[in-house]
Amino acid sequence: MAAPGILIIVASPSGGGKTTVIRHAIDRLAERGIPAHFSVSHTTRAPRPSEVDGRDYHFLDRPTFERMAASDAFLEWAEYAGNLYGTSNAEVLARLERGEDVFLDIEVQGANQVKTSIPDAVKVFLFPPSYGVLKERLHRRRQDQPEAIRQRLHWAMRELSVAGEFDYAIINDRLEEAVDAVVGVCLAEHHRMERMRSVLHTIRSEFQHALDEDFAHDATRS
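The next point concerns the overall build of the protein. Secondary structure assignment for the protein yields eight helices and nine strands. Radius of gyration (C-alpha) of the protein: 22 Å, far over the 17 Å computed for a compact globule of 222 residues. Its C-alpha atoms give the protein principal-axis dimensions of roughly 85 × 40 × 30 Å. Taking all 222 residues of the protein together, 40% fall into the buried category. For the protein, the share of sequence-separated contacts (at least 6 apart) that also reach a separation of at least 24 residues comes to 67%. Total accessible area on the protein stands at roughly 12,600 Å², and carbon and sulfur atoms take up 54% of it.

Moving on to the packing of helix H1 (residues 18-31) against helix H7 (residues 175-190). The geometry of H1 relative to H7 is characterised by a closest axis approach of 9 Å and an angle of 55° between their N-to-C directions. With respect to H7, the element H1 is oriented oblique. In this structure, H1 meets H7 at a crossing whose hand is right-handed. Where H1 approaches H7, its residues Thr-20, Val-21, His-24, Ala-25, Arg-28 and Leu-29 are matched on the opposing element by Leu-175, Glu-176, Ala-178, Val-179, Asp-180, Val-182, Val-183, Cys-186 and Leu-187. Taken together, the residues of the contact of H1 with H7 sort by class into ten nonpolar, two polar and three charged.

Turning our attention to the pairing of strand S8 (residues 122-127). Judged by how many residues are buried, S8 sits mostly within the fold: five of six residues are covered. As defined by bridge partners, strand S1 (residues 7-11) adjoins S8 across four bridges and the pair is classed as parallel. Within S8, the position partnered with Ile-8 by the bridge is Val-122. Both S8 and strand S9 (residues 168-171) contribute to a ladder of four bridges, which runs parallel. Each bridged residue has a counterpart across the sheet, and for Leu-126 the counterpart in S9 is Ile-170.

Residues Ile-8, Val-10, Phe-103, Val-124 and Ile-170 are the most contacted members of the largest nonpolar core, which totals 21 residues. Setting aside residues up to four positions removed in sequence, Ile-170 forms contacts with Val-124, Phe-125, Leu-126, Phe-127, Ala-178, Ala-181, Val-182 and Val-185. In terms of nonpolar packing, the next biggest core, distinct from the first, is built from 17 residues, Val-92, Leu-96, Val-102 and Ile-106 among them.

Right, let's talk about H1 for a bit. Three or four residues apart is the spacing at which side chains of an α-helix point the same way, because the helix has 3.6 residues per turn. Taking 1.5 Å as the rise per residue, H1 with 14 residues should run 20 Å; its terminal C-alpha atoms sit 20 Å apart, in good agreement. For H1, the set of buried residues is Lys-18, Val-21, Ile-22, Ala-25, Ile-26 and Leu-29. Seen from one end, H1 has its buried residues packed into an arc of 135°, which puts them on one side. Those residues of H1 that are exposed and angled more than 90 degrees off the buried face are Ala-30 and Glu-31. Residues of H1 that are buried in the fold lie against S1, strand S2 (36-38), strand S7 (101-105), S8 and H7. In the segment just after H1, Gly-33 is the residue with positive phi, at about 80°.

Glancing now at unusual backbone geometry. In this model, Asp-72 sits at a positive phi of 60°, which is unusual for a non-glycine residue. Its location among the elements puts Asp-72 in the loop between helix H2 (62-70) and strand S5 (74-80). By relative accessible area, which is 61% here, Asp-72 ends up exposed.

Turning our eyes to something else, we now look at the sheet that holds S7. A sheet is described by the order of its strands in space; here five strands give the open sequence S2-S7-S1-S8-S9, paired in parallel fashion. Each edge of the open sheet carries a strand with a single partner, namely S2 and S9. Across the sheet, the axes of successive neighbouring strands diverge by a mean angle of 25°, strand direction being ignored. Packing against the sheet, helix H3 (residues 89-97) makes contact with S1, S2 and S7, and its axis sits at approximately 155° to S7. On the sheet, H7 packs against S1, S7, S8 and S9 and is oriented at approximately 160° with respect to S9.

Next up on the list: the packing of aromatic side chains. In this structure the tally under the stated criterion is eight aromatic pairs. Considering the side-chain rings of Tyr-80 and Tyr-85, the 6.3 Å spacing of their centres and the 75° angle between planes classify their relative orientation as edge-to-face. In this pair, the class of Tyr-80 matches that of Tyr-85, namely buried. For the ring pair Phe-125 and Phe-166, a centre distance of 5.3 Å and an interplane angle of 85° mean the geometry is edge-to-face. A residue pair is termed long-range when its members are at least 10 positions apart, and Phe-125 in strand S8 and Phe-166 in the loop between helix H6 (146-161) and S9 qualify at 41 residues. Taken individually, Phe-125 and Phe-166 each receive the classification buried, so the pair is uniform in this respect. Grouped by ring-pair contacts, the aromatic residues Tyr-57, Phe-59, Tyr-80, Tyr-85 and Trp-155 constitute a single cluster. Positioned above the aromatic ring of Phe-166, the side-chain terminus of Lys-123 is 4.5 Å from the ring centre.

Conventions adopted
Residues numbered from 1 in each chain as written. Predicted model: local features only at pLDDT ≥ 70, side-chain atom pairs only at ≥ 80, totals over all residues. Heavy atoms only, no water. Helix = DSSP H or I, 4+ residues; strand = E, 2+ residues; numbered from the N terminus. Rg over C-alpha atoms; globule rule 2.2 N^0.38 Å. Buried < 20%, exposed > 50% of the residue type's maximum accessible area, 1.4 Å probe, protein only. Contact = heavy atoms within 4.5 Å. Areas by Shrake-Rupley, 256 points an atom, 1.4 Å probe, with all protein chains shown as cover. Axes fitted to C-alpha atoms, helices over the stretch in contact; angles between N-to-C directions. Parallel < 35°, antiparallel > 145°, perpendicular 65-115°, else oblique. Left-handed = near helix turned anticlockwise from the far one by under 90°. Nonpolar A, V, L, I, M, F, W, Y, C, P; charged D, E, K, R; others polar. Pairing = 2+ DSSP bridges. Core = buried A, V, L, I, M, F, W, Y, C linked by side-chain atoms within 4.5 Å. Expected span 1.5 Å × (residues − 1). Arc of directions from axis to C-beta. Phe/Tyr/Trp six-rings, centres within 6.5 Å; stacked < 30°, edge-to-face > 60°. Lys NZ or Arg CZ within 6 Å of the ring centre and 35° of its normal.

In C-alpha cells form, the structure reads like this:
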C-alpha cells in the first residue's frame with residue numbers, strides 16, 4: 001500500500017503567480033516519478049474570458065455553492081473579494097489516500113481551515129517581490145477593472161500581514177527559481193522522518209535479518 005500523499009497549500013495575493021508555479025512544479029515532480037495533482041477549486045466568481053470550467057475552476061452559482069457547503073462537501077471554503085471559493089473533499093482526500101501529492105491554490109483563510117482538518121498539510125506562501133511588481137502583474141493580465149485591482153491590492157496587504165503563520169516563504173521574482181523552491185519543499189517533506197518511518201522500519205528489519213544471518217554463518221565456520 002502506498003504511503004499517503006502530501007497536501008501542499010500554496011497561497012499568495014491575487015496575481016502572485018501561484019497557479020503558474022504550481023503547474024510547473026507538478027511537471028518537475030512527474031519527471032522524478034512523484035505523482036501530484038492540482039486541485040481545482042469551486043467558486044461563485046464569474047469566469048474570465050480565458051478560463052475554462054473544470055480546468056481553472058468549477059464555476060457555480062451561489063445557491064449551489066451554499067448547498068454544498070451546508071452538506072459538508074468542502075474541505076475548506078471562504079469568501080474572498082465578494083465571491084465564495086471552496087475545495088471539495090472529493091477532489092482531495094481520495095488522491096491523498098492513493099499516494100498522490102495534492103496542491104491547493106487557496107487564500108489564507110482557507111489555508112488555516114485545511115491545516116485544522118489536516119494538521120500535516122504543508123503551507124507555502126508565495127510572495128511578490130514588491131508592491132510595484134504585483135500591481136503591474138494585475139494590470140498586465142487585463143482581467144479586472146481598476147477598482148477591482150485596488151481592492152485586490154488592499155487584500156494583498158492583509159494576506160502579507162499573516163504570512164508568517166506559514167511553514168515556508170518563497171519570493172516569486174524569477175519563475176524558475178520559485179518553481180525550484182516549491183519542488184525543493186515537496187522533496188524535503190517527503191524525507192521528513194515521520195513520513196519515512198514505514199520505509200525505514202523495513203530497511204532496519206532487513207538489515208537486522210542480514211546481520212543475524214551473517215554472524216550465524218561466521219559462528220558455524222569457526
